[in-house]
Amino acid sequence: MDDRKIVFALDIGTRSVVGIVGALKDGNFSILDYEQEFHEKRAMRDGQIEDIDLVARIANSVKSKLEQRSGQTFTKVSIAAAGRALRTASASFSYDLIPNEPITQKIIQYMEYSAIEKAQEAFLSESSNLESGGRDYYCVGYSVTDYSLDDYKIKNLEGQKGTKAVANIIAAFLPSSVLVSLYAVTARCGLEVDNLTLEPIAAIHAVVPDDVRFLNIALVDIGGGTSDIAISRDGSVIAYDMVTIAGDEITEALMQHYLTNFATAERIKLMLSGEEKIEFKDILGNQVTLTPDEAFASVKETINSLADAISQRVLLINGSAPAAVFLVGGGSQIRGLCKVVAEKLGMAANRVAIGVVNTDNNLSLFSESLYSPAFVTPIGIGIVSSLYRGCDFFAISVNGKRIMLFNHQTIKVIDALMFSGIKPSNLIGLTPPNLVYTLNGVKKTVKGTPGIPGELLVNGFPATIETEIKQGDEITVTLAKNGQPPSLTLQEALSEFNLKDITLLMVNDLKIDFQDKDALEARKISYMDQINVTVLDEDEIEYSDHLSSMAVPPIPTIEFNSNDSESKVNSDAKISNVEINKIYSHALEQSNVSLLLADDDFEDNTDTLKRTEISVTLNGNPVHLFQETEEPLILMHLLKYADLDVAKPKGELVLKINGNDANYADSLNDHDVAIIKWSEEI
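The structure displayed is predicted, hence computed values, not measured ones.

1. Remarks on the overall build of the chain
Point 1. Check the secondary structure of the chain and you find 15 helices and 36 strands.
Point 2. Every one of the 682 residues in the chain was classed for burial, and the buried ones make up 45%.
Point 3. Counted over contacts in the chain with a minimum sequence separation of 6, partners at least 24 positions apart contribute 63%.
Point 4. Within the structure as shown, the chain displays about 35,000 Å² of accessible surface, and the carbon and sulfur contribution to it stands at 48%.

2. Regarding the sheet that holds strand β3 (residues 28–38)
Point 1. A sheet is described by the order of its strands in space; here six strands give the open sequence β11-β6-β1-β2-β3-β19, paired in mixed fashion. The strands lining the two open edges of the sheet, one partner per strand, are β11 (192–198) and β19 (363–365). Direction aside, the axes of adjacent strands within the sheet are offset by 30° on average.
Point 2. Inspection of the sheet shows strand β2 (residues 16–25) paired to β3 by ten bridges, in the antiparallel sense. Paired with lysine 25 across the bridge in β3 is asparagine 28.
Point 3. Of the strands in this sheet, β1 (5–12), β6 (76–81) and β11 are in contact with helix α3 (residues 176–188), which crosses β6 at around 150°.
Point 4. Against the sheet, helix α10 (residues 376–387) makes contact with β1, β2, β3, β6, β11 and β19, and its axis sits at roughly 140° relative to β1, the strand it touches most.

3. Some details on the packing of helix α4 (residues 199–207) against α10
Point 1. Remark: α4 packs on α10, axes separated minimally by 7 Å, with the N-to-C direction vectors making an angle of 90°. Viewed along their axes, α4 and α10 adopt a mutual orientation that is roughly perpendicular. In this structure, α4 contributes Glu199, Ile201, Ala202, Ala203, His205, Ala206 and Val207 to the contact, and α10 contributes Val376, Thr377, Gly380, Ile381, Ile383, Val384 and Leu387.
Point 2. Among the residues forming the contact of α4 with α10, the class breakdown is ten nonpolar, three polar and one charged.

4. Side note on the pairing of strand β23 (residues 442–446)
Point 1. For strand β22 (residues 435–439) and β23, the ladder comprises five bridges, and the chain directions are antiparallel. Bridge assignment links leucine 439 to a residue of β23, and that residue is valine 442.
Point 2. Between the end of β22 and the start of β23, which pair antiparallel, lie two residues, with asparagine 440 showing a positive phi angle near 55°.

5. Let's talk about the side chain of serine 367
Point 1. Take serine 367: it is sitting in the loop between β19 and α10.
Point 2. A polar atom in the side chain of serine 367 sits 2.7 Å from the side chain of serine 369.

6. Points about the packing of helix α5 (residues 247–258) against helix α6 (residues 262–270)
Point 1. At a minimum axis distance of 8 Å, the contact between α5 and α6 shows a crossing angle of 110°. In terms of their interaxial angle, α5 and α6 are classed as roughly perpendicular. On the side of α5, the interface is formed by Gly247, Asp248, Ile250, Thr251, Leu254 and Met255, while α6 contributes Phe262, Ala265, Glu266, Ile268 and Lys269.
Point 2. Tallied by class, the residues present in the contact of α5 with α6 amount to six nonpolar, two polar and three charged.

7. Let's talk about the pattern of salt bridges
Point 1. In total, this model carries 17 salt bridges according to the counting rule given.
Point 2. Put simply, lysine 63 and glutamate 67 hold a salt bridge, and the shortest N to O gap is 3.3 Å. Here lysine 63 pairs with glutamate 67, and both are found in helix α1 (residues 52–70), just four residues apart, close to one helical turn.
Point 3. The closest approach of N and O atoms between arginine 523 and aspartate 529, which form a salt bridge, is 3.1 Å.
Point 4. With a relative accessible area of 2%, aspartate 529 lands in the buried category.
Point 5. Members of the salt-bridge network, linked through shared partners, are Arg15, Glu266 and Lys269.

8. Some words on the packing of aromatic side chains
Point 1. All told, the structure shown has five aromatic pairs when counted by the stated rule.
Point 2. When the centroid spacing of 6.1 Å and the interplanar angle of 50° are considered together, the rings of tyrosine 34 and phenylalanine 366 count as tilted. A residue pair is termed long-range when its members are at least 10 positions apart, and tyrosine 34 in strand β3 and phenylalanine 366 in the loop between β19 and α10 qualify at 332 residues.
Point 3. Ring geometry for phenylalanine 123 against phenylalanine 173: centres 4.4 Å apart, planes inclined by 5°, an arrangement best described as stacked. Highlighted residues: phenylalanine 123 in helix α2 (residues 105–126) and phenylalanine 173 in strand β10 (residues 164–175), separated in sequence by 50 residues.
Point 4. Phenylalanine 173 gets classed as buried once you look at its relative accessible area, which sits at 1%.
Point 5. Here the aromatic residues Tyr34, Phe366 and Phe375 are joined through ring pairs into a cluster of three or more.
Point 6. Positioned over the ring face of phenylalanine 296 is arginine 335, at 4.4 Å from the centre of the ring.

9. Here's the deal with the sheet that holds strand β17 (residues 324–328)
Point 1. Pairing is mixed in the open sheet, where five strands are placed in the order β14-β13-β12-β17-β18. The open sheet is flanked by β14 (236–243) and β18 (352–354), the only strands paired with a single partner. With strand direction ignored, the average angle separating the axes of adjacent strands in the sheet is 20°.
Point 2. Looking at chain direction, strand β12 (residues 217–222) and β17 are connected through five bridges and run parallel. When the bridges of β17 are listed, aspartate 221 appears paired with valine 328.
Point 3. Running at roughly 35° to strand β13 (residues 227–233), helix α8 (residues 300–318) makes contact with β12, β13 and β14 of the sheet.

10. Remarks on the side chain of asparagine 318
Point 1. Within the secondary structure, asparagine 318 is located in helix α8.
Point 2. Judged by its relative accessible area of 7%, asparagine 318 is buried.
Point 3. Within polar-contact distance, the side chain of asparagine 318 engages the backbone oxygen of serine 320 at 2.8 Å.

11. Quick notes on the pairing of strand β16 (residues 287–290)
Point 1. Across the two faces of β16 the burial differs, with Val288 and Leu290 buried and Gln287 and Thr289 not buried at all.
Point 2. Taken together, the four bridges between strand β15 (residues 278–281) and β16 define a ladder with antiparallel strand orientation. Pairing of glutamate 279 across the sheet is with threonine 289, part of β16.
Point 3. Linking β15 back to β16 in an antiparallel pair, the connection comprises five residues, with glycine 285 at a positive phi of about 90°.

Rules and cut-offs
- Residues numbered from 1 in each chain as written.
- Predicted model: local features only at pLDDT ≥ 70, side-chain atom pairs only at ≥ 80, totals over all residues.
- Heavy atoms only, no water.
- Helix = DSSP H or I, 4+ residues; strand = E, 2+ residues; numbered from the N terminus.
- Buried < 20%, exposed > 50% of the residue type's maximum accessible area, 1.4 Å probe, protein only.
- Contact = heavy atoms within 4.5 Å.
- Areas by Shrake-Rupley, 256 points an atom, 1.4 Å probe, with all protein chains shown as cover.
- Pairing = 2+ DSSP bridges.
- Axes fitted to C-alpha atoms, helices over the stretch in contact; angles between N-to-C directions.
- Parallel < 35°, antiparallel > 145°, perpendicular 65-115°, else oblique.
- Nonpolar A, V, L, I, M, F, W, Y, C, P; charged D, E, K, R; others polar.
- Polar contact = N/O pair within 3.5 Å; in protein donor to acceptor, adjacent residues only side chain to side chain.
- Salt bridge = Lys/Arg side-chain N within 4 Å of Asp/Glu carboxyl O.
- Phe/Tyr/Trp six-rings, centres within 6.5 Å; stacked < 30°, edge-to-face > 60°.
- Lys NZ or Arg CZ within 6 Å of the ring centre and 35° of its normal.

None of this, on its own, says anything about what the molecule does.
What follows is the structure, encoded as structure tokens:
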């Protein structure tokens, strides 16, 4: 029985597609076969696939030939992405161990994937200034920079025992456009991506084994569109980066200088290091014959620019010149490049070399032709896939928009929502709090319109944020609608009264002109407003009606002199309602009716609420509240002072009292400091 793990890997490059078939057994990885085909025409630019059909046709041809020779059918593939627009983020994850229990590979994998999630969170936070907020970037690979056990660095955690283990990683992120095109090519070849990594990660695994990574080494994978960089030091890969200048710049310089098409310029580039004369026709039909030296002289400045870009980026991410530099990939074979890079870095010429696959550590090749810098990356993809599960993604759609999710554990709807920029809180329709006020001591409540909750569908069926999703699922999201807050005017609050019967109107101890209907309509009732209305009793109402039918002389104003029993009329005099009552009683004594007017000095027998004032700070501003003895003040009582527009929420609603998370029902005390704000306003 063949118990080998078979690995099929594709290196989809700018100039060609290379496929390899490898086998892992007992820790040894063997390359069994390979196939390389060149693109019929330029199908990729700067590491980005431009013609998916053309690239898929070449990739499928490579796959078919390897299947025929191996007698196997490949349904899964390992691939790598070039570092176009590469960004990185570091993260650490700590795991509390069970005493005396050895660390398993499963625990290590959990720690690494948890660290990747933290790196993604950090990347999204740091990338908030990007147009997409970083949401269109995806993790394509990672490296463990180091492990530690009980605060001591350790090379391998497996089998160890302790109390706390830590994994530190560096994760690489690329734009979704790069990944979508790669996955589109593999899908058209009938292949499911089993493992995804970054090209420099793959290359450094093939050229720089674990035991050599204690040295400070820079590896540069020079393809057609990008030059991808990886740096090793102290036993691990510590940094990744890229420059957007590579072999195609040399090709394009030759095209411009000799007026040729891309394919002819590529052939000239490959002959720069040879001795044979170079013969070709330019686009005008002229026959041209060159020596390699003449052709090299025409692109010497472009080669110098490439070496300068690579050297400057290595110095930037490493901090200084490394101990050694390996150049791999098809572009590494450009004539004179190693020498110029060494000069730019201030290194000895023999410290910069073309890298090939290192077979010292459990790697075997079936053909000598594989000892070439052009095959470093495809072999490295196979090595990474055989050693550990790297990154993998699957595609779904959210409201018609295609997104790709990191496939490392159970994936739920909530994961898709977050990467689509949809907050789960937006599925909850906020119902605004009731408007509560008192009218003559009686508690009144007005309700707003209720919020309408959002809806989630997966493939047309109702779902929740906890629903598990899989490759190809279609998620439809209908966002919630917040309810409208209750609104009531003072005019509406007084609807149970006849305004002509009102003698006194007080709102929060302030006298209101109840005869000004426009003012009553304009005055909005606020939360916990206290309205007190004094009206005529039935006898007074009858008298008022009788009075309205009589011709009553205007009320004179009287000035009372304590030294004179006589009274004199004075238009500026001030008299009390009691005295006015006496005057009306005298003037109308024949009607045998007594008139009672409201008196500031009269005792108010209406039941009122006893209140105690407290002072709090809301959103940095002082607020004074009156506490009723039978109902304590709570955070909800501050809502009317928070100036929230629930029709236009700005993130999630943040509730805090004295710096701690709170809810509406939490009680308020004197001198408390409260926050009621949308999260985006904090």
